[in-house]
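Residues per chain are reported as follows:
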Amino acid sequence: VVKFLTHSARALRSTPAAVPAEGGVPPAATEVVVTVEIEGKAGSKVTTPKIVAEAEAQEGSGLKTVRVAFPEAEFEIKAFVTGDSLLFTVQDALTNEIFGKAILTEDQVKGNFEGEFPLADAGEGYQAFLKVTLGSRHIAVATAEKIVEEVKEAIEEIKEVLGNMEGLVEKITDVK
């Protein structure tokens, strides 16, 4: 079993459908998905939900690109065994046009990869990237960090409520 999170994709080429003609009406937004499958194993494909891409400028290149931020959702591929590689494909959800692909080897997957990797076949002049977290250990740490932040926020809220109550108790005591 391999667990993973997709975080973001950036510097994806903007499809012709995503660029309005001179003076034309802006087209419908580009929706992007990431599919992950065990290379060469039919039926192992997992696909993220569709996410609307946002336009971005690629510094110094003049290229029109888009980026995508995926909601935090954990996915798993159950059929992964020793010797398998994972194929990540970033594509347009409507047209299936491919924005880029990457293959992670068994060693990268077993090593609990966390970070950004380049996408091959991104288009001439484009250098696209996909950011992911692979492996239960990294996912557990990320989840624990998120919970710690939520607990800190809750403690601050409780302190504020208790501070307000302290003033109320003093007023009640003064009334007696």
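Each remark here, short or long, concerns the structure printed above.
The rules behind these values
Residue positions are given per chain, counted from 1 along the sequence in the order it is written. At least 70 in pLDDT is required for a residue's local features to be given in this predicted model, at least 80 for side-chain atom pairs to be given and counted, and no such filter applies to totals for whole chains, interfaces and linings, which use all residues. As a convention, hydrogens and water are excluded, and side-chain values are obtained from all of the structure's heavy atoms. In this description a helix means any DSSP run of H or I spanning at least four residues, a strand means any run of E spanning at least two, and both kinds are numbered starting from the N terminus. Summary of the burial criterion: residues with accessible area below 20% of their type's maximum are buried, those above 50% are exposed, and those between are partly exposed, where the area comes from a 1.4 Å probe applied to protein chains only. By definition in these notes, contact holds between two residues if any of their heavy atoms fall within 4.5 Å. Calculation of accessible area relied on Shrake-Rupley with a 1.4 Å probe; when residues are assessed, cover is drawn exclusively from the protein chains displayed. Criterion for a salt bridge: a side-chain nitrogen of Lys or Arg within 4 Å of a carboxyl oxygen of Asp or Glu. Like-charged residues are merged into a patch within 9 Å and nonpolar side chains (Val, Leu, Ile, Met, Phe, Trp, Tyr) within 5 Å, provided each residue has over 30% relative accessible area and no salt bridge. Charge counting treats Lys and Arg as positive and Asp and Glu as negative, with His and both chain ends excluded. Charge positions are represented by NZ for Lys, CZ for Arg, CG for Asp and CD for Glu.

1. Points about the overall build of the protein chain
Alright, step 1. Looking only at helices and strands, the protein chain has two helices and 11 strands in total.
Alright, step 2. In the protein chain, the order of α-helices and β-strands from amino to carboxyl end is β-β-β-β-β-β-β-β-β-α-β-β-α.
Alright, step 3. Across the 176 residues of the protein chain, 36% fall into the buried class.
Alright, step 4. By sequence separation, contacts in the protein chain at least 24 residues apart represent 59% of the contacts at least 6 residues apart.
Alright, step 5. On the protein chain, roughly 10,800 Å² of surface is accessible, and the fraction owed to carbon and sulfur atoms is 55%.

2. Some points on the pattern of salt bridges
Close approach of charged atoms allows side chains with opposite charge to pair.
Alright, step 1. All told, the structure shown has eight salt bridges when counted by the stated rule.
Alright, step 2. For Glu116, the salt bridge identified is with Arg10, shortest N-O distance 2.9 Å. One end of the pair, Glu116, is in strand β10 (residues 114–118); the other, Arg10, is in strand β1 (residues 2–13), and 106 residues separate them in sequence.
Alright, step 3. The exposure class assigned to Glu116 is partly exposed, which follows from its relative accessible area of 35%.
Alright, step 4. Under the relative-accessibility criterion, Arg10 is labelled partly exposed at 35%.
Alright, step 5. Measuring nitrogen to oxygen at the nearest pair gives 3.1 Å for the salt bridge that ties Arg13 to Glu97. In this pair, Arg13 sits in strand β1 while Glu97 sits in the loop between β8 (86–92) and β9 (98–104), placing the two residues 84 residues apart along the sequence.

3. Some remarks on a negative patch on the surface
Alright, step 1. Where like charges cluster on the molecular surface, the negative patch consists of Glu150, Glu153, Glu157 and Glu160.
Alright, step 2. Note that Glu150 resides in helix α2 (residues 136–175).

4. Focus on the side chain of Thr35
Alright, step 1. Topologically, Thr35 is positioned in strand β2 (residues 31–38).
Alright, step 2. Since its relative accessible area comes to 5%, Thr35 is described here as buried.
Alright, step 3. In this structure, Thr35 is in contact with Lys45, Val46, Thr47, Leu87, Phe88, Thr89 and Gln91, ignoring residues within four places of it in sequence.

Just geometry here; none of it tells us what the structure is for.
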